[in-house]
Number of protein chains: 2
Amino acid sequence: MALPTTITLKEKYALFSDQWSPKIVAELNGQHVKIAKVSGEFVWHHHAQEDELFMVLEGTLFLDFKEGTQSIGPGQLLVVPAGVEHKPYTRNGEEVHILMIEPKSTLNTGNVTNDKTQESLPWI
Amino acid sequence: MALPTTITLKEKYALFSDQWSPKIVAELNGQHVKIAKVSGEFVWHHHAQEDELFMVLEGTLFLDFKEGTQSIGPGQLLVVPAGVEHKPYTRNGEEVHILMIEPKSTLNTGNVTNDKTQESLPWI
């Protein structure tokens, strides 16, 4: 058995610059741990079966829900339960470094397919 | 549907002082997100079926494996695959604030039962 690796997230974010394009950094229990740089608005969507955990390493991520808005910064986390409509975005053009954990089967745009949809995510 | 809640981890850690006693802060996809304050040594153990993700909010956590030692600090993460023997510990008496994600079924001491074993974890 190889020695498990410590992943330094800052080093991983330094490897790419494209936005809204999640990269896989680890997996556990049928889920992927993904990181992305995001700026501006994503689309309203939901994931029918999958809960989705959001954390933020740098900046502030906002999530609009039908019932209101939440913000997430470093040292915070939020779980979007399956089926709940949400729209991630950032304010004032800020680029935010986010981390997500969700089942491997999860499509980034959930029930929506558009130009941001990514069928297969790369490891980084 | 209630508005999903942003969890501020620092506020959660401030609510308890006992060590090696994980508290649940969130759940997703059949797993619990747990936090704990740890200092000193835990026991060698493994989890037969469950992968375990470790993150650190404050301090440095060390993990001994049969093949070597890894350290984890803020901004880093490490996944211990199912079946892999590991021993968490801290150095010089440092109290470290850790976060773990693992299936709800996971026993903290894995295949070992001793005075650190906790059958049922509280939410905080």
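Quick caveat, the model's predicted, so the values are computed rather than measured. (Residues numbered from 1 in each chain as written. Chains lettered and ligands numbered in written order. Predicted model: local features only at pLDDT ≥ 70, side-chain atom pairs only at ≥ 80, totals over all residues.)

K.L.:
Would you mind going over the overall build of chain A with me for this structure?
P.N.:
If you tally the helices and strands in chain A, you get 1 helix and 9 strands. When the elements of chain A are put in sequence order from the N terminus, they spell out β-α-β-β-β-β-β-β-β-β. Relative to the compact-globule value of 14 Å for 124 residues, chain A shows a C-alpha radius of gyration of 14 Å, a close match. Structurally, chain A occupies a C-alpha span of about 45 × 30 × 30 Å along its principal axes. Of all intrachain contacts in chain A linking residues separated by at least 6 positions in sequence, the fraction that spans at least 24 positions is 67%. (Helix = DSSP H or I, 4+ residues; strand = E, 2+ residues; numbered from the N terminus. Rg over C-alpha atoms; globule rule 2.2 N^0.38 Å. Contact = placed C-beta atoms within 7 Å.)

K.L.:
What's the story with the relation of the copies chain B and chain A in this structure? I'm lost.
P.N.:
One copy of the chain maps onto the other through a rotation about an axis followed by a shift along the same axis. Of the transformation placing chain B onto chain A, the axial shift is 0.0 Å and the rotation is 180 degrees, giving an RMSD of 0.0 Å. Here the two chains are linked by the operation of a two-fold rotation axis. When the interface residues of chain B are mapped onto chain A, 100% of them are again interface residues, pointing to one common binding face. (Least-squares fit on C-alpha atoms with pLDDT ≥ 70 in both.)

K.L.:
Can you walk me through the sheet that holds strand 1 (residues 7-8) of chain B in this structure?
P.N.:
For sheets, the rule is that strands pair by backbone hydrogen bonds, running either parallel or antiparallel. With antiparallel pairing, the 6 strands of this open sheet are ordered in space as 2(A)-3(A)-9(A)-4(A)-7(A)-1(B). Every other strand in the sheet has two partners, leaving strand 2 (23-28) of chain A together with strand 1 of chain B as the edge strands with one partner each. Relative to strand 9 (residues 96-103) of chain A, strand 3 (residues 31-38) of chain A runs antiparallel, the two being bridged by 8 bridges. Opposite Val33(A), over in strand 9 of chain A, you have Ile101(A) as the bridge partner. (Pairing = 2+ DSSP bridges.)

K.L.:
It is not clear to me how the sheet that holds strand 8 (residues 87-89) of chain A should be interpreted in this structure. Could you clarify?
P.N.:
All names here are of chain A. On the basis of which strands lie adjacent, the open sheet formed by 3 strands has the order 6-5-8 and antiparallel pairing. Across the chains shown, the open sheet's two edge strands, defined by having one partner strand only, are strand 6 (68-72) and strand 8. Shown here is a sheet whose adjacent strand axes are inclined to one another by a mean of 25 degrees, direction ignored. Of the strand pairs in this sheet, strand 5 (residues 61-65) and strand 6 are connected by 5 bridges, and their pairing is antiparallel. Within strand 6, the position partnered with Phe65 by the bridge is Gly68. (Axes fitted to C-alpha atoms, helices over the stretch in contact; angles between N-to-C directions.)

K.L.:
Help me out: how do you make sense of the pairing of strand 2 (residues 23-28) of chain B in this one?
P.N.:
When a strand is regular, its side chains alternate between the sheet's two faces. As judged from the 5 bridges shared by strand 2 of chain B and strand 3 (residues 31-38) of chain B, these two strands associate in the antiparallel manner. What sits directly across from Leu28(B), in strand 3 of chain B, is Gln31(B).

K.L.:
I tried to follow the environment of Thr8(A) on my own but got confused; where do I start?
P.N.:
Tracing the sequence through the fold places Thr8(A) in strand 1 (residues 7-8). Counting along the chain gives 17 residues from Thr8(A) to Val25(A), while the straight-line C-alpha distance between them is 9.8 Å. Those residues in contact with Thr8(A), other than ones at most four positions away along the chain, are Gly75(B) and Gln76(B).

K.L.:
Looking at this model, I keep getting lost on the interface of chain B and chain A. Mind explaining?
P.N.:
For interface size, the figure often reported is the accessible area lost on association. Taken together, the contact pairs 35 residues of chain B with 35 residues of chain A. Only strand 1, helix 1 (9-13), strand 2, strand 3, strand 4 (52-58), strand 6 (68-72), strand 7 (76-80) and strand 9 (96-103) of chain B provide two or more residues apiece to the side of chain B that touches chain A. Looking at the side of chain B that touches chain A, its residues break down into 21 nonpolar, 10 polar and 4 charged. (Nonpolar A, V, L, I, M, F, W, Y, C, P; charged D, E, K, R; others polar.)

K.L.:
Looking at this model, I keep getting lost on unusual backbone geometry. Mind explaining?
P.N.:
Trans peptide bonds make up the majority, and among non-glycine residues the majority have a negative phi. Residue and element names in this part refer to chain B. One non-glycine residue, Trp20, adopts positive backbone phi at about 55 degrees. Topologically, Trp20 is positioned in the loop between helix 1 and strand 2. Given 18 C-beta atoms within 10 Å, Trp20 falls into the partly exposed group. Backbone geometry at Asn29 places phi at a positive 50 degrees, although glycine is not the residue there. Within the fold, Asn29 resides in the loop between strand 2 and strand 3. Taking the number of C-beta atoms within 10 Å as the measure of exposure, Asn29 has 21 and is therefore buried. (Buried ≥ 20, exposed ≤ 12 C-beta atoms within 10 Å, placed from the backbone.)

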